[in-house]
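As a plain string of letters, each chain reads:
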Amino acid sequence: MTAALTLDGLTAHYGTTKVLDDLSLDVEAGELVSLLGASGCGKTTTLRLIAGFLAPTAGRIALGGTDLTRLPAHKRNIGLVFQNYALFPHLSVRENVAFGLKQRGMGGAERRAKADEMLARVGLQDLAARLPGELSGGQRQRVALARALVIEPPLLMFDEPLSNLDAKLRVDMRVEIRQLQRQNGTTSVFVTHDQEEAFSISDRVAIMDAGRIRQLDTPEVLYQRPANAFVARFVGFENLIPLRVAARDGAAVTAEGAGGATVTLDQDVLGPIPDRFVLATRPDGLRIAEDGIPATLGLRTYLGRSYQYRAETPAGAYVASGPLSAPRDMGDRVHLAPWAEQCCILPDEAAA
Ligand SMILES: Nc1ncnc2c1ncn2[C@@H]1O[C@H](COP(=O)(O)OP(=O)(O)OP(=O)(O)O)[C@@H](O)[C@H]1O
Ligand SMILES: [Mg+2]
């Protein structure tokens with residue numbers, strides 16, 4: 001069973017503090033969308049609204065076309081794997097996993113078989129008879145995962161489900177979650193503040209900031225074509241260089257910035273360039289060159305493939321790179337030029 005989820009203009013407050021601001025999001029049936037963002041940006045609050053643990057002050061929630069906004073939590077039929085979402089301490093691991101099946105009226109033998117199958121998938125078949133108090137934190141988290149998955153709900157929600165696991169188990173479990181989710185085609189919302197985790201597990205990722213979604217797209221698009229400065233910084237475009245177009249010659253654009261900076265950019269590689277814009281580059285996308293942006297080099301760091309430099313320019317401090325074959329010293333006056341593959345064009349937000 002699977003259903004599309006629609007969040008339409010959700011606003012939420014704790015007391016008088018607004019923590020979600022007009023948030024809209026469509027998750028297609030069978031899709032896994034992650035909410036990614038810094039601590040406190042409103043990820044858990046969004047899940048609490050969908051689950052029915054908190055009522056929005058404005059907006060609407062629908063699942064499979066049915067309006068849930070005013071439905072009590074226990075009637076929403078959503079599978080939850082939350083941070084510290086408690087297991088029943090007096091029930092065995094197997095009984096914990098089978099609990100939702102019992103509530104749905106499934107017979108004892110079938111329940112047990114299904115619970116054991118799910119426990120095997122999360123690697124806990126040998127611990128089925130234990131109590132939750134006799135497990136490690138990571139094992140408990142896997143029981144919670146099995147318990148949510150076994151009822152095959154139309155919507156699954158995960159809140160940092162892997163944060164208590166060690167690095168290897170974390171990667172194994174995220175592959176397992178993704179496989180189970182794909183197999184069952186379960187619409188899913190996954191919350192994390194780990195970019196690699198979000199990008200590896202998701203069809204699309206919503207990057208959140210201060211109660212709003214700043215961009216929702218595939219990991220590939222977010223990584224290569226962020227839509228704004230916030231998302232660009234988030235995915236590693238550390239240098240944001242304000243420029244204005246001085247001349248156009250076919251696809252070649254000459255742009256100027258502070259302190260006599262002049263760069264030439266290719267619209268065939270970067271896409272359309274407006275008259276005023278911000279050039280965003282990763283450290284690898286800003287290289288020591290013959291001309292470009294005048295800079296004074298600061299601290300040099302060895303990165304194996306190249307050197308990375310702190311660089312002071314008339315427009316601000318940037319991070320640039322240079323070849324191992326020609327190390328430069330602190331205080332060297334150089335020019336920095338963009339390397340298109342590691343750059344993108346952003347709208348000039350000050351002008352917008
Ligand atoms: N019960 C509450 N009462 C008052 N404020 C709250 C409550 N729960 C959360 N907040 C506040 O609401 C904002 C959003 O919190 P939320 O838990 O949604 O963040 P989050 O994105 O899940 O963060 P984290 O990554 O740390 O889990 C934060 O500023 C938080 O301090
Ligand atoms: Mg949270």
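Residues numbered from 1 in each chain as written. Chains lettered and ligands numbered in written order. Predicted model: local features only at pLDDT ≥ 70, side-chain atom pairs only at ≥ 80, totals over all residues. Heavy atoms only, no water.

### Some remarks on the pairing of strand 7 (residues 155-159)
Successive residues of a regular strand alternate their side chains across the two faces of the sheet. So the rule is basically this: Any residue under 20% of the maximum accessible area for its type is buried, any over 50% is exposed, and the rest in between are partly exposed; the area is computed with a 1.4 Å probe on protein chains only. Working definition: helices are DSSP H or I runs of at least four residues, strands are E runs of at least two. Numbering for both runs from the N terminus. Being paired, for any two strands, means DSSP has found at least two bridges between them. Assignment of crossover handedness uses the view with strands pointing away from the viewer, where a clockwise path from the first strand over the helix to the second indicates a right-handed crossover.
Along strand 7, five of the five residues are buried, which leaves the element largely enclosed by surrounding structure. Neither face of strand 7 is exposed, since Leu-155, Met-157 and Asp-159 on one face and Leu-156 and Phe-158 on the opposite face are all buried. Pairing between strand 6 (residues 78-81) and strand 7: four bridges, direction parallel. Counted as the bridge partner of Gly-79 is Leu-156 from strand 7. In the sheet, strand 7 pairs with strand 8 (residues 187-192) via five bridges, with the strands oriented parallel. Residue pairing in the sheet places Phe-158 in a bridge with Phe-190 of strand 8. The handedness of the strand 7 to strand 8 crossover, carried by helix 5 (residues 167-184), is right-handed.

### Some words on the site of ligand 1
Defined as follows: When we say a residue is near a molecule or strand, we mean one of its heavy atoms is within 4 Å of it. What qualifies as a polar contact is a pair of N or O atoms within 3.5 Å, subject to a donor-acceptor requirement within protein and to the restriction that residues adjacent in sequence count only when both atoms come from side chains. Values of accessible area rely on a 1.4 Å probe in the Shrake-Rupley scheme; residue burial ignores everything except the protein chains shown. Three classes are used, and their members are as follows: Ala, Val, Leu, Ile, Met, Phe, Trp, Tyr, Cys and Pro are nonpolar, Asp, Glu, Lys and Arg are charged, and the others, Gly among them, are polar.
The immediate surroundings of ligand 1 are formed by Tyr-14, Val-19, Ala-38, Ser-39, Gly-40, Cys-41, Gly-42, Lys-43, Thr-44 and Thr-45. The contact in question runs from an oxygen atom of ligand 1 to an N or O atom on the side chain of Ser-39, over 2.6 Å. At a separation of 2.8 Å, an oxygen atom of ligand 1 approaches a polar side-chain atom of Lys-43. In the complex, the protein chains occlude 57% of the 640 Å² of accessible area that ligand 1 would expose alone. When residues of the shell around ligand 1 are assigned to their parent elements, the largest contribution, three residues, is made by helix 1 (residues 43-51). Of the residues that constitute the shell around ligand 1, the class distribution is four nonpolar, five polar and one charged.

### Concerning the environment of Cys-344
Short version of the rule: Whether two residues are in contact is decided by their heavy atoms: any pair within 4.5 Å suffices.
In this structure, Cys-344 sits in strand 20 (residues 343-347). Each C-alpha atom, one on Cys-344 and one on Pro-226, is 7.7 Å from the other, the two residues being 118 residues apart in sequence. When residues no more than four places from it in sequence are discounted, the contact partners of Cys-344 are Gln-224, Arg-225, Pro-226, Phe-237, Leu-270, Val-278, Leu-279 and Ala-280.

### Comments concerning the pattern of salt bridges
Our working rule: A pair is scored as a salt bridge if a Lys or Arg side-chain nitrogen falls within 4 Å of a carboxyl oxygen belonging to Asp or Glu.
One pass over the full model with this rule turns up 18 salt bridges. The partner of Arg-60 in a salt bridge is Asp-67, and the shortest N-O contact between them spans 3.3 Å. Between Arg-305 and Asp-284 there is a salt bridge, and its shortest N-O distance comes to 3.8 Å. Linking Arg-305 in the loop between strand 16 (293-302) and strand 17 (307-313) with Asp-284 in the loop between strand 14 (276-281) and strand 15 (286-289), this pair joins segments that are 21 residues apart in sequence. The network of salt bridges with common partners includes Arg-170, Asp-194 and Glu-197.

### Points about the packing of helix 4 (residues 137-150) against helix 5
What counts here: Orientation is described by axes fitted as lines to C-alpha atoms, over the contacting stretch for helices, and by angles from 0 to 180 degrees between their N-to-C directions. For classification purposes, an angle smaller than 35 degrees is called roughly parallel, one larger than 145 roughly antiparallel, one from 65 to 115 roughly perpendicular, and anything else oblique.
As a packed pair, helix 4 and helix 5 sit with axes 12 Å apart at the nearest point and diverge in direction by 0°. Judged by the angle between their axes, helix 4 and helix 5 are roughly parallel. Where helix 4 approaches helix 5, its residues Arg-142, Leu-145 and Leu-149 are matched on the opposing element by Leu-169, Met-173, Ile-177 and Leu-180. Taken together, the residues of the contact of helix 4 with helix 5 sort by class into six nonpolar, no polar and one charged.

### Remarks on the domain arrangement of the protein chain
Keep this limit in mind: In this entry, domain limits derive from an automatic or database-based domain assignment. For any pair of parts, buried area is found by adding up, for both, the accessible area (1.4 Å probe) each one loses once the two are put together.
You can read the domains of the protein chain as domain 1 (3-232) and domain 2 (237-347). Here domain 1 and domain 2 have C-alpha centroids that lie 41 Å from each other. Between domain 1 and domain 2, the contact holds eight residues from the first and ten residues from the second. Counting the surface domain 1 buries against domain 2, the share from its top three residues, Tyr-223, Arg-225 and Ala-232, is 59%. The tally of links between domain 1 and domain 2 comes to three residue pairs in polar contact (both at pLDDT 80 or more). Within the residue set of the side of domain 1 that touches domain 2, elements represented by two or more residues are helix 7 (219-224) and helix 8 (229-234). Considered class by class, the residues forming the side of domain 1 that touches domain 2 number five nonpolar, two polar and one charged.

### With respect to the side chain of Arg-204
In this structure, Arg-204 sits in strand 9 (residues 204-209). When its relative accessible area of 19% is taken as the criterion, Arg-204 is described as buried. Here the side chain of Arg-204 touches Asp-26 through a polar contact of 2.7 Å, landing on its backbone oxygen. Excluding residues within four positions of it along the chain, Arg-204 makes contact with Asp-26, Val-27, Glu-28, Glu-31, Leu-32, Val-33, Ser-34, Leu-216, Asp-217, Thr-218 and Pro-219.

### Considering the packing of aromatic side chains
In plain terms, the rule: Think of it this way: a Phe, Tyr or Trp ring, Trp meaning its six-membered ring, pairs with another when their centres are within 6.5 Å, and the plane angle makes it stacked under 30 degrees, edge-to-face over 60, tilted otherwise. Only Lys NZ and Arg CZ are tested; either one counts as a charge over a ring when it is within 6 Å of the ring centre and within 35 degrees of the ring normal.
In this structure the tally under the stated criterion is six aromatic pairs. When the centroid spacing of 6.4 Å and the interplanar angle of 55° are considered together, the rings of Tyr-307 and Tyr-309 count as tilted. The two residues Tyr-307 and Tyr-309 agree in class, both being buried. The rings of Tyr-302, Tyr-307 and Tyr-309 are connected pair by pair, giving a single aromatic cluster. The ring of Tyr-307 has Arg-300 sitting right over it, with the charged end atom 4.9 Å from the ring centre.

### Here we look at the sheet that holds strand 11 (residues 239-249)
Strands sit in the order 13-12-11-14-20 across an open sheet of five strands; the sheet is antiparallel. At either margin of the open sheet sits one strand with a lone partner, and together these are strand 13 (261-266) and strand 20. Each strand axis lies, on average, 40° off the axis of its neighbour in the sheet, ignoring direction. When strand 14 meets strand 20, the two strands line up antiparallel, connected through five bridges. Following the sheet pairing, Phe-277 is matched in strand 20 by Pro-347.

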